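Examining the three-dimensional arrangement
Below are the chains, spelled out letter by letter.
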Amino acid sequence: MAIGLLLTAGVLAVSALGDGHGYPVLVRVRELVVWALGSYLGIRVFTHVLLDPLLSHWRTSTPGFARDLVVVTLYLGTAVFLLHKSVGVNLGTLMSTGAIAAAVLGLSMQETLGNLFAGVSMSLAPAFRVDDWVEVTGNLRGGSGQETFIGRVDAMTWRTVQIITENGDTSIFPNRILAQAVVTNLYAPSGLHRRTLKVTVAPHDTMVATLAALEQALGGIPHPPDHKPEVRSHSFDMGGVVLEIRFWALGWRHGRAANFQAVRLTQTVLNRLGVPLLGPHGPTPTRTHPVLLQDGVLEDILERFGLPGELAQELKERVVLRRTEPGEGVIREGDPGESLFMVMAGTLQAMKVVERFEPYTGLFWEGIGELGPGDWFGEGSLLTGAPRRATVVAATVCELVEVPKAAFEHVLRSAPHLVEGLVELKESRSGHMADLPKTANRRDLARVEIKRWFGL
C-alpha cells in the first residue's frame, strides 16, 4: 500500500510539473523526482527479492542489523548519485571532501567505529546468536590478565553484546572486546557435548568393581542409551588414582545440572564402598550404614521362582544388599546383566530419556513405570543373560536385594528339575514371548534358553 501511494504521488508530481518548457528549474525538479522514485523502488525490490532471502539463508545472528547496514549504504550511494545527476555536484570534489571528513570523524570516533565494524563482522559471520550460552576468554576488563566469562546472549546491537549469567547478572561487552576475545559457543553445533569430571581416590585392589559401581550409579544422569556415562582410570596424582568421569549433555544448563549430580553420586558411591577421596591433607574418612535383610524377603523370592523354601539359608549367603540414593542409577538400558533386584524399601522408576527446551534445553527423564516395596525387576537378565530392557533410577532412598546368577547355579546343577519353576516365571514375565507364533512350543524354547545360560 505504501509503495502504491508513493507511485501515485510521484505520477501526480510529474504530471503537475508538466514538461517544464521554458523553466529549467522545473525540469531539474521533475528529473530529481523521477530518479528518486526509481532509486527507491529499485532498493525496495533489491532488498525484497535478493537481500532478505540471502540473509535468511545465512541465518545471521542479527538479520535486522546486517540488513540495515546494507540498506543505509545503498541509500547513501543513491543520494550521492542524485546530487551528481540532478544538481551537478562534482563527484571528485565530493569524494575528496568526504574523505577528509571521514578521517576527522574516524579519529574522533575511533572506539565507536571499532565497535560498529566488530558488530558488522559478528553479524555477517555469526559465531553465536541470541539465547546461545557462550564462554568468553580474554582481556575483558582492560586489566593485565585473562579471565573467563560464561553467560547467555540476551541482545546484540550495533555497539554492544548483552550477556546474562546463570545468577541473573547482566554484563554488557563492547563488540570490539568480543571480537578480540576467544569465544566458545556452548550450544553450537547443536547436539550432545561431552563433559568430564576428575576425582582422586586412594589406591585399592577392587578398582575394577569401583569403576563398575560408579558407572552404574551415574546411569541416573539423563542420557540416551548410546551415550552412557563412563568412568576411567585417568592418571596418578598425590599418591592416588585420578578417575575421569565422562557424561554427555545437551546444552550448557543441562551440563551444569549433570555435573552437580555426578559430584553427588560419585561422593555417595565412593563413601558406600569405603574408598576415601584424596586431597592435600590426605584421605577423607568414610562412613557406611549397613543394609539389613528384612524378614520373609528370601522366602518370597524363592516362592516366586517356584523353588523350595529350605534354600533360603543358601540363598542368603549369596545375595547382595544395596542402598541407593535419589537420582542413582540401578540398571541401564542395553547393559549386560545377570541378576535381578527386589525392592525392600523406597521407590524407583523405569525411565526413558526425552529432549526438552523448558525450563532449559537438555535431556530429562520421563517415567514409564514405578516400582515400590515388594516389586522386583531384572529377571530377564538373571534367567537368560539378556541385556537390560530399561533404565531404572531411584526416586527416593531405596534398599534393594540383588540376586545374582551364582545364587541359583549350584542349586540348579544339583536339582535340574527346579528349572521348570524358572520356565514358568519367564513365560509369565517376558513380553516378547507373545510375539512368537502360536504353534511354537514356548515352554520348550524358554527351557532351552535357561539351560543354556546356566550351563545345564
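Per-chain numbering applies: the sequence of each chain, read as written, is numbered from 1 onward. Reporting in this predicted model follows two pLDDT cut-offs: at least 70 for local features of residues, and 80 or more for side-chain atom pairs to be given and counted; totals over whole chains, interfaces and linings ignore these cut-offs and use all residues. Each side-chain value is worked out from all heavy atoms of the structure, with water and hydrogens disregarded.

Another point: the packing of helix α7 (residues 207-218) against helix α8 (residues 252-273). Geometry of a packed helix pair, given as the angle between the helix axes and the separation of the axes. Where α7 meets α8, the closest approach of the two axes is 10 Å, and the angle between their N-to-C directions is 140°. Considering their axes alone, α7 and α8 lie oblique with respect to each other. α8 is crossed by α7, and the crossing has right-handed handedness. Here Thr210, Ala213, Leu214, Ala217 and Leu218 of α7 come into contact with α8, specifically with Ala262, Leu265, Thr266, Val269, Leu270 and Leu273. Residue polarity follows a fixed list, in which Ala, Val, Leu, Ile, Met, Phe, Trp, Tyr, Cys and Pro are nonpolar, Asp, Glu, Lys and Arg are charged, and the others, Gly among them, are polar. Broken down by class, the residue content of the contact of α7 with α8 amounts to nine nonpolar, two polar and no charged. The angle between two axes is taken between their N-to-C directions and runs from 0 to 180 degrees, where each axis is a line fitted to C-alpha atoms and a helix contributes only its stretch in contact. A run of H or I in DSSP becomes a helix once it reaches four residues, and a run of E becomes a strand once it reaches two; helices and strands are each numbered from the N terminus. Each angle receives one of four descriptions, namely roughly parallel if under 35 degrees, roughly antiparallel if over 145, roughly perpendicular if within 65 to 115, and oblique otherwise. Take the far helix as your reference; a near helix turned counterclockwise from it by less than a right angle gives a left-handed crossing, and one turned clockwise gives a right-handed crossing. Should any heavy atoms of two residues lie within 4.5 Å, those residues are considered in contact.

As a further point, take unusual backbone geometry. As a rule of thumb, non-glycine residues mostly have phi less than zero, and peptide bonds are mostly trans rather than cis. Cis rather than trans, the peptide bond between Glu358 and Pro359 has omega equal to 0°. Structurally, the position occupied by Pro359 is in the loop between β14 (348-356) and β15 (362-371). Even without a glycine there, the phi angle at Asp131 is positive, about 85°. Considering the arrangement of structural elements, one finds Asp131 in the loop between α5 (110-124) and β1 (133-138). In the Ramachandran plot, Met238 falls in the positive-phi region, its phi being about 55° despite a non-glycine side chain.

A general trend in soluble globular proteins is that nonpolar side chains are found buried together. Within this scheme, the nonpolar core is defined by two criteria: the residues are buried Ala, Val, Leu, Ile, Met, Phe, Trp, Tyr or Cys, and they are joined through side-chain atoms within 4.5 Å. Think of it in three bands: residues with accessible area under 20% of the maximum for their type are buried, residues over 50% are exposed, and the middle band is partly exposed, with areas taken using a 1.4 Å probe on protein chains only. Counting residues in each nonpolar core, the largest one holds 32 residues, and the members touching the most others are Ile301, Phe305, Leu315, Val403 and Phe408. Counting only elements with at least two residues in this core, the list comes to α9 (297-304), α10 (312-316), β13 (339-345), α11 (379-384), β18 (398-404), α12 (406-414), α13 (419-429) and α14 (442-454). Discounting chain neighbours no more than four positions away, the residues touching Val403 are Ile301, Leu315, Val319, Glu338, Ser339, Leu340, Leu382 and Phe408. With 20 residues, the next largest nonpolar core counts Leu214, Ala217, Val269 and Leu270 among its residues.

Turning our attention to the confidence of the model for the chain. Across the chain, each position has a pLDDT score giving the predictor's confidence in that residue, from 0 to 100. Here the chain averages 81 in pLDDT, and 78% of its residues register 70 or above. Contacts for the low-pLDDT stretch residues 432-439, under 50 throughout, to residues beyond four places or in other chains number eight contacts.

This brings us to α8. Two residues of an α-helix separated by three or four positions point the same way, owing to the 3.6 residues in each turn. Expected helix span is taken as 1.5 Å per residue step, with the number of steps being one fewer than the number of residues. The terminal C-alpha atoms of α8, which comprises 22 residues, lie 31 Å apart, in line with the 32 Å expected from a rise of 1.5 Å per residue. Among all positions of α8, only Trp252, His254, Gly255, Ala258, Gln261, Ala262, Leu265, Thr266, Thr268, Val269 and Leu270 are buried. Buried residues in α8 make contact with β1, β2 (147-156), β6 (192-201), α7, β8 (240-250) and β15. Positive backbone phi, approximately 75°, marks Gly274, located one or two places after α8.

Our focus in this paragraph is the side chain of Thr266. Examined against the element boundaries, Thr266 turns out to sit in helix α8. At 2.7 Å, the side chain of Thr266 and the backbone oxygen of Ala262 are in polar contact. Ignoring any residue separated from it by four or fewer positions in sequence, one finds Thr266 in contact with Val199, Leu214, Leu218 and Ile245. The term polar contact refers here to a pair of N or O atoms within 3.5 Å; inside protein, the definition further demands a hydrogen-donor-capable atom paired with an acceptor-capable atom, and it admits residues adjacent in sequence only when both atoms are side-chain atoms.

Attention now moves to the pattern of salt bridges. Every case where a carboxyl oxygen of Asp or Glu lies within 4 Å of a side-chain nitrogen of Lys or Arg is listed as a salt bridge. Tallying each qualifying case throughout the model produces 16 salt bridges. Here Arg232 and Glu215 are joined by a salt bridge, their closest N and O atoms 2.8 Å apart. Of this pair, Arg232 sits in strand β7 (residues 230-237) while Glu215 is found in helix α7, placing the two residues 17 residues apart along the sequence. Residue Arg332 is joined to Asp335 by a salt bridge in which the shortest nitrogen-to-oxygen separation is 2.8 Å. Both residues of the pair, Arg332 and Asp335, count as buried. Three or more residues joined by partner-sharing salt bridges are found here, namely Glu215, Glu230, Arg232, Glu244 and Arg246.

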